[in-house]
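# Structural overview
Single-letter residue listing:
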Amino acid sequence: DLNRQLHGQHLAKEVVIRALQGFLQSPRPQKALVLSFHGWSGTGKNFVARMLASHLYRDGLKSECVRVFISLFHFPHHKYVDLYEAQLKKQISETVRLCQQSLFIFDEAEKLHFSLLDAIKPFMARSDNEGQVDYRRSIFLFLSNLGGNTINEVALDFWRAGRAREEISMEFLEQRLRLELLEAAESGYVRSHLLEENLIDFFVPFLPLEYHHVKLCARDAFLARGLPYTEAALDEVAKMMVFVPKEEKLFSAQGCKSVSQRINYFL
């Protein structure tokens, strides 16, 4: 499904599959699996999170073993951060007690208050867990727009050098991505201890999407509705999107976000 439905993300496919296979096949993992998804809006972070939930659990995101937290929706006021901490720890503990394997998704992770991230740090740390609730089979996903600028700069540099985006490697990108994350001083994500204590197992970069990727998203949206489409219709949808930078007009500023709504225009 990742190969068929996730477009333009060779690194994300590779890292997610490798990380999950290694984790799920381990008889006794030493810690929870922690993945951090980074990139511009509309590049597939939420899409992959939903896909993971639907493949790991029969009821997908509606499963009692999956909890989704959206920073500004669930934790909007910093003055209540102590209350949020207690609620969050309780919800994670209860879910883990209920489910042998739990999935926790934190959307807009860069907007989480740093003390919330530090509060859940013990659930992600290495542990021998003798006689306690075992968190080591849990999976934590953090979704963030942080790092998107660095990822896009690398993709643009490769394009300007005439190199295929598929040549971009994790080794080349991860170091730069970490640097941008560490420089985002105002972010709770950085002020927490997740980065310095190496609790994040994999940073997963989502590259910016090009014109032909947007066309593929449009094709998928037509197919999902059981609607016929033409190449001309796919081009029309793609042309409705805003492309940047101003000179090259290479990357969709919204990724594939709003593609399905734009198809309504043709109905």
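Residues numbered from 1 in each chain as written. Predicted model: local features only at pLDDT ≥ 70, side-chain atom pairs only at ≥ 80, totals over all residues. Heavy atoms only, no water.

Going by what an unreviewed UniProt entry lists, the protein chain is known as Torsin-3A and is assigned to Pelecanus crispus. Its UniProt record gives the protein chain a comment under Sequence similarities (unreviewed entry), which states: "Belongs to the ClpA/ClpB family. Torsin subfamily." (UniProt positions renumbered as here; feature names shortened; annotations may be inferred.)

### What to know about the state of the cysteines
Working definition: the covalent bond between the sulfur atoms of two cysteines is a disulfide. A full pass over the atoms with the stated rule returns 2 disulfides. Between the sulfur atoms of Cys 65 and its disulfide partner Cys 99 the distance amounts to 2.0 Å. Across the S-S bond of Cys 65 and Cys 99 the torsion is about -90 degrees, and the bridge reads as left-handed. With a gap of 34 residues between them, Cys 65 in the loop between helix H3 (45-56) and strand S2 (66-70) and Cys 99 in the loop between helix H5 (81-98) and strand S3 (103-107) connect regions that are remote in the sequence. Between Cys 217 and Cys 256 runs a disulfide, and the two sulfur atoms are separated by 2.0 Å. Its torsion about the S-S bond being 85 degrees, the disulfide of Cys 217 and Cys 256 is classed as right-handed. Of the two residues, Cys 217 is situated in helix H11 (residues 211-224) and Cys 256 in the loop between strand S7 (251-252) and helix H13 (259-263); the sequence distance between them amounts to 39 residues. For the pair Cys 217 and Cys 256, one class covers both residues: buried. In the protein chain, the cysteines engaged in disulfides, taken in order along the sequence, are linked 1-2, 3-4. (Disulfide = S-S within 2.5 Å. Helix = DSSP H or I, 4+ residues; strand = E, 2+ residues; numbered from the N terminus. Buried < 20%, exposed > 50% of the residue type's maximum accessible area, 1.4 Å probe, protein only.)

### Some remarks on unusual backbone geometry
With an omega of -10 degrees, the peptide bond running from Val 244 to Pro 245 counts as cis. As for its placement among the helices and strands, Pro 245 is situated in the loop between strand S6 (243-244) and S7. Phi is positive for Glu 108, which is not a glycine, with a value near 55 degrees. By the secondary structure assignment, Glu 108 is in the loop between S3 and helix H6 (114-119). The partly exposed category is assigned to Glu 108, whose relative accessible area is 25%. For Lys 249, which is not a glycine, the phi torsion comes out positive at approximately 45 degrees. Within the fold, Lys 249 resides in the loop between S6 and S7.

### What about the domain arrangement of the protein chain?
We note that the domain assignment places domain 1 (1-206) and domain 2 (211-265) within the protein chain. Measuring from the centre of the C-alpha atoms in domain 1 to the corresponding centre in domain 2 gives 27 Å. With 13 residues of domain 1 at the contact, the number on the domain 2 side is 16 residues. Linking domain 1 with domain 2 are 1 salt bridge, by the criterion used here. Counting only elements with at least two residues in the side of domain 1 that touches domain 2, the list comes to helix H1 (2-5) and helix H8 (148-160). The leading source of residues in the side of domain 1 that touches domain 2 is H8, at 5 residues. In terms of residue class, the side of domain 1 that touches domain 2 is made up of 4 nonpolar, 6 polar and 3 charged. (Domains from an automatic or database assignment. Contact = heavy atoms within 4.5 Å. Salt bridge = Lys/Arg side-chain N within 4 Å of Asp/Glu carboxyl O. Nonpolar A, V, L, I, M, F, W, Y, C, P; charged D, E, K, R; others polar.)

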